[in-house]
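Examination of the molecular architecture
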Amino acid sequence: MSSDTASGPVPNLEGVVPADDKQRADTLLRLFTAGRENSGATVMFHTAVAARQGLNPTETKALDFLERHGPLTAKELAELTRLAPASVTGLVDRLVAKDVVRRVKHPTDKRRVLVELNREKIAELFGFFEDYAREVTKRCEVFTTEELETVIRFLEVMTEHQREAAARLAE
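Residues numbered from 1 in each chain as written. Predicted model: local features only at pLDDT ≥ 70, side-chain atom pairs only at ≥ 80, totals over all residues. Heavy atoms only, no water.

Quick word on the pattern of salt bridges
One side chain can pair with another of opposite charge once the charged atoms of both are near each other. To be explicit about the condition: Just to be clear on terms, a salt bridge is a Lys or Arg side-chain nitrogen sitting within 4 Å of an Asp or Glu carboxyl oxygen. In DSSP terms, a helix is any run of H or I states spanning at least four residues, a strand is any run of E spanning at least two, and both are numbered starting from the N terminus. The rule is simple: take the accessible area with a 1.4 Å probe, protein chains only, and divide by the maximum for that residue type; under 20% is buried, over 50% is exposed, in between is partly exposed.
Applying the stated criterion to the full structure yields eleven salt bridges. Here Asp26 and Lys22 are joined by a salt bridge, their closest N and O atoms 2.9 Å apart. A residue pair is termed a helical-turn pair when its members lie 3 or 4 positions apart in one helix, as Asp26 and Lys22 do in helix H1 (residues 22-52) at four residues. Taking the relative accessible area as the measure of exposure, Lys22 reaches 56% and is therefore exposed. The partner of Arg94 in a salt bridge is Glu59, with the nearest N and O atoms 2.8 Å apart. Of this pair, Arg94 sits in helix H4 (residues 85-97) while Glu59 sits in helix H2 (residues 57-69), and the two are 35 residues apart along the sequence. Taken together, the shared-partner salt bridges in this structure form one network comprising Glu59, Arg94 and Lys98.

A closer look at the packing of H1 against helix H5 (residues 119-139)
Using the following cut-off: Axis definition: a line fitted to C-alpha atoms, limited for helices to the stretch in contact. Angles are taken between N-to-C directions and run from 0 to 180 degrees. A clockwise turn of the near helix away from the far one marks a right-handed crossing, whereas an anticlockwise turn of less than a right angle marks a left-handed crossing. Should any heavy atoms of two residues lie within 4.5 Å, those residues are considered in contact. Residue type decides the class: Asp, Glu, Lys and Arg count as charged, Ala, Val, Leu, Ile, Met, Phe, Trp, Tyr, Cys and Pro as nonpolar, and the leftover types, Gly among them, as polar.
Put simply, H1 and H5 touch, their axes get as near as 11 Å, and they point 140° apart. Both H1 and H5 take part in a crossing whose hand is right-handed. In this structure, H1 contributes Phe45, His46 and Val49 to the contact, and H5 contributes Leu125, Phe128, Phe129 and Tyr132. Residue composition of the contact of H1 with H5, by class: six nonpolar, one polar and no charged.

Here we look at the nonpolar core
Operational definition: For our purposes a nonpolar core is just a set of buried Ala, Val, Leu, Ile, Met, Phe, Trp, Tyr and Cys residues, chained together by side-chain atoms within 4.5 Å.
By size, the foremost hydrophobic cluster in this structure holds 21 residues, and its most contacted members are Leu63, Leu95, Val101 and Leu117. Contributions of two or more residues to this core are made by H1, H2, helix H3 (74-81), H4, strand S4 (113-117) and H5. With sequence-adjacent residues up to four places away left out, Leu63 is seen in contact with Leu55, Leu95, Val100, Val101, Leu117, Ile122, Leu125 and Phe126.

Considering a negative patch on the surface
In plain terms, the rule: The patch calculation keeps residues exceeding 30% relative accessible area without a salt bridge and links them within 9 Å when they carry like charges or within 5 Å when they are nonpolar (Val, Leu, Ile, Met, Phe, Trp, Tyr). In these tables, accessible area is a Shrake-Rupley quantity obtained with a 1.4 Å probe, and a residue counts as shielded only by the protein chains included in the view. Within this scheme the basic residues Lys and Arg register as positive and the acidic residues Asp and Glu register as negative, but His and the chain ends are omitted. Think of each charge as sitting on NZ of Lys, CZ of Arg, CG of Asp or CD of Glu.
Together, Glu146, Glu147, Glu149 and Glu156 make up a negatively charged patch on the protein surface. Of note, Glu149 is situated in helix H6 (residues 145-170).

Thoughts on the confidence of the model for the protein chain
Convention followed: Note: pLDDT gives the predictor's confidence per residue, expressed from 0 to 100.
Summarising the model, the protein chain shows a mean pLDDT of 88, and 93% of its residues fall at 70 or more. With pLDDT under 50 throughout, residues 1-7 is counted as low confidence; its partners more than four residues away or in other chains account for 13 contacts.

Quick notes on the environment of Glu171
Counting through the fold element by element, Glu171 comes out in the segment after H6. The class for Glu171 is exposed, based on a relative accessible area of 81%. Sequence spacing of Glu171 and Asp21 is 150 residues, and the spatial spacing of their C-alpha atoms is 36 Å.

In structure tokens, the structure reads:
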């Protein structure tokens, strides 16, 4: 199971999955393949969305963090993105130059600066995601609520694993 395929290396499940559980091993391999396909489609989707807005994928993800968390300091943005502080400074500079964010004084600590969204400038971008969310909701009609709960649980576990793996790579 460690040979390469056209889509890349196949994980070696020896010692992880009992040798007599072929169905589980086959299912895990299908899961790895589906995950890789989904990851590739996600990256390409976000690249296309970003390009349409004159942004790069990192910039759109930074906007997503600001949308979900509200105004953030550069340090907080660095922690969320796992980017180096100097990289975040460059990222924020680019976003300010594109007029999609602005730097504002912190409401309680005048020494600190927050990065906040310029909602008027990104309305089209977020409008696209609202349409996309409606399409996803329609596609989810074929799944029961319980099935969706299982998917959510899986994604939460895998997201935490991916964050931990990214943190190890950043060390």
